[in-house]
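Below are the chains, spelled out letter by letter.
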Amino acid sequence: MFRRTIRWQHCKIIIATSLVWFLIDVILIMYYTDCSSSSCKPGGERPEPGVGGRVVELGAAKKSEKSGGFLEKLLPSGLLRYSATGPGENGIAVIIPDSKKDEMKDLFKVNQFNLMASNMIALNRTLKDHRIEGCKKKEYPHDLPTVSVIIVFHSEATSTLMRTIHSVINRSPHSSLKEIILVDDYSEKEHLGKKLERTVAELPTSTRVLRMPKRSGLIRARLTGADEALGDVLLFLDAHCEVTTGWMEPLLARIKEDRKAVVCPIIDVISDETFEYVPASDMTWGGFNWKLNFRWYPVAKRENARRHNDRTMPLRSPTMAGGLFAIEKKLLQRNRSL
């Protein structure tokens, strides 16, 4: 009788141990094969026809009907997030605790994005390289034209503006990045005054602030920056975006090949709620529907055939979003004089 009891105890231990390892195996398999809307689905909300460079811009990320995978629904929120050294690193979403949600909502009204999350993220945060392997292996000429990066802002938050600047400096070839020009379209915020000028004066890349005498709008402010630019190429960016590794070289290489080209990068998305980096697709381009509304459509078969299905080659498109693009300065000046 005693031996039977011992044997039964051993059986229970073996069964319990087996069940534990079985559950661990199931969790690991589900984790590494789980698909979320941003990791398995090719595409995002606002991709831009381009030539391999990527810029991620602040905006409302498209919410998928399938907001998370099996484990994200089963386990507590945030448990399976990738480890990072700080909030927002590697483009991971910033989660605000419930105790600060009211303050977060109040700050959201200032710039229409989660300012609390933005202020928690480092100005030089890391971002993953989402380029396809073919783009990573491409080599570009060493004698690329010089570029002036022009950023227009109006009452922008310090954290998003400075993160834009730091990402440009940290991820651009120093031999091509001649300067950064900030054009203030008559901001009313105190932190964008002399304090901003003192801050950018200490940056390793020449950065200056131009002030519009009155509220003039985006186009006039851009043209003011273009007139003052010293680079061969003008590269316009929004004040709340971040550039990724290898973003500038393909843009400049395309202009070096064809001086009449106006080149746009792929525009990924930064969630306005969590500042998560949401990659977009490189297989869509902009167009208009019959109501003349700008929309994103799959790249036409004829264009893929022209590129021999090589996704590293630039797309030819008659349209662009207009927020982020590069153009040779002489070409812009010549077209303005017509």
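Each remark here, short or long, concerns the structure printed above.
Reading the values: the criteria
Residues numbered from 1 in each chain as written. Predicted model: local features only at pLDDT ≥ 70, side-chain atom pairs only at ≥ 80, totals over all residues. Heavy atoms only, no water. Core = buried A, V, L, I, M, F, W, Y, C linked by side-chain atoms within 4.5 Å. Buried < 20%, exposed > 50% of the residue type's maximum accessible area, 1.4 Å probe, protein only. Helix = DSSP H or I, 4+ residues; strand = E, 2+ residues; numbered from the N terminus. Contact = heavy atoms within 4.5 Å. Pairing = 2+ DSSP bridges. Axes fitted to C-alpha atoms, helices over the stretch in contact; angles between N-to-C directions. Phe/Tyr/Trp six-rings, centres within 6.5 Å; stacked < 30°, edge-to-face > 60°. Arc of directions from axis to C-beta.

K.L.:
Kindly report on the nonpolar core, identifying the contributing residues and their values.
P.N.:
Taken as a class, soluble globular proteins show a tendency for nonpolar side chains to be buried jointly. Judged by nonpolar contacts, the single largest core of 36 residues is most densely connected at I165 and L237. Breaking this core down by element, the ones donating at least two residues are β2 (147-153), α6 (158-170), β3 (177-184), α7 (194-201), β5 (233-237), β6 (241-243) and α9 (248-257). Excluding its chain neighbours within four sequence positions, the residues that come into contact with L237 are V149, I150, I151, V152, V168, V243, W247, G323 and L324. In terms of nonpolar packing, the next biggest core, distinct from the first, is built from 16 residues, I181, L210, I327 and L331 among them.

K.L.:
Tell me about unusual backbone geometry, and please be specific about residues and values.
P.N.:
Phi at Y186 takes a positive value of approximately 60°, unusual for a residue other than glycine. Looking at the element boundaries, Y186 is found in the loop between β3 and α7. One non-glycine residue, L292, adopts positive backbone phi at about 60°. In this structure, L292 sits in the loop between β9 (284-288) and β10 (294-298). Overall, L292 belongs to the exposed group, its relative accessible area being 67%.

K.L.:
An account of the sheet that holds β5 is needed here, citing residue identities and associated values.
P.N.:
Read across the open sheet, the five strands follow the order β4-β3-β2-β5-β11; overall the sheet is mixed. At either end of the open sheet lies a strand with only one pairing partner, and these are β4 (207-211) and β11 (325-328). For this sheet the average axis-to-axis angle between neighbouring strands, irrespective of direction, equals 25°. Pairing of β2 with β5, which is carried by five bridges, proceeds in the parallel orientation. Residue pairing for β5: V147 is matched across the bridge by V233.

K.L.:
Can you break down the sheet that holds strand β7 (residues 266-271) residue by residue, with the values?
P.N.:
To summarise the sheet geometry, strands pair through backbone hydrogen bonds and adopt either a parallel or an antiparallel arrangement. Read across the open sheet, the four strands follow the order β6-β1-β7-β8; overall the sheet is mixed. With one partner strand each, in any of the chains shown, β6 and β8 (277-278) form the two edges of the open sheet. When strand β1 (residues 54-59) meets β6, the two strands line up antiparallel, connected through three bridges. For V56, the partnering residue across the bridge sits in β6 and is E242.

K.L.:
Explain the packing of aromatic side chains to me, and be specific about the residues and the numbers.
P.N.:
Within this structure, the stated rule accounts for four aromatic pairs. Aromatic pair F113 and F275: ring centres 5.9 Å apart, planes at 75°, arrangement edge-to-face. Taken together, the residues span a long stretch of sequence, with F113 in the loop between α3 (101-111) and α4 (115-120) and F275 in the loop between β7 and β8 at a distance of 162 residues. For F113, a relative accessible area of 4% gives the class buried. Here F275 falls in the buried class, since its relative accessible area comes to 1%. Seen from their ring centres, F288 and F294 are 5.6 Å apart, and the 75° between their planes marks the pair as edge-to-face. Owing to a relative accessible area of 47%, F288 belongs among the partly exposed residues under this scheme.

K.L.:
Summarise the pairing of β1; cite the residues concerned and give the values.
P.N.:
Of all six residues making up β1, six are buried, and the element is well covered by its neighbours. What you see with β1 is no split at all: R54, V56 and L58 on one side and V55, E57 and G59 on the other are buried throughout. The pairing of β1 with β7 spans six bridges and is parallel. The residue of β7 that forms the bridge with V55 is I267.

K.L.:
Could you give an account of the environment of K178, with specific residues and numbers?
P.N.:
Checked against the element boundaries, K178 lands in strand β3. In this structure K178 comes out as partly exposed when scored by relative accessible area, which is 41%. Residues K178 and D232, spaced 54 residues apart in sequence, show a C-alpha to C-alpha distance of 9.1 Å. Beyond its immediate stretch of four places on either side in the chain, K178 contacts T146, V147, S206, L230 and G231.

K.L.:
Before we move on, could you go through helix α8 (residues 218-228) and cite the residues and values that matter?
P.N.:
Spacing of three or four residues puts side chains on the same side of an α-helix, whose turn is 3.6 residues. For α8, the full list of buried residues reads A221, R222, G225 and A226. Along the axis of α8, the buried residues cluster in a sector spanning 140°; they form a single face. Exposed positions of α8 whose direction lies more than 90 degrees from the buried face are I219 and R220.

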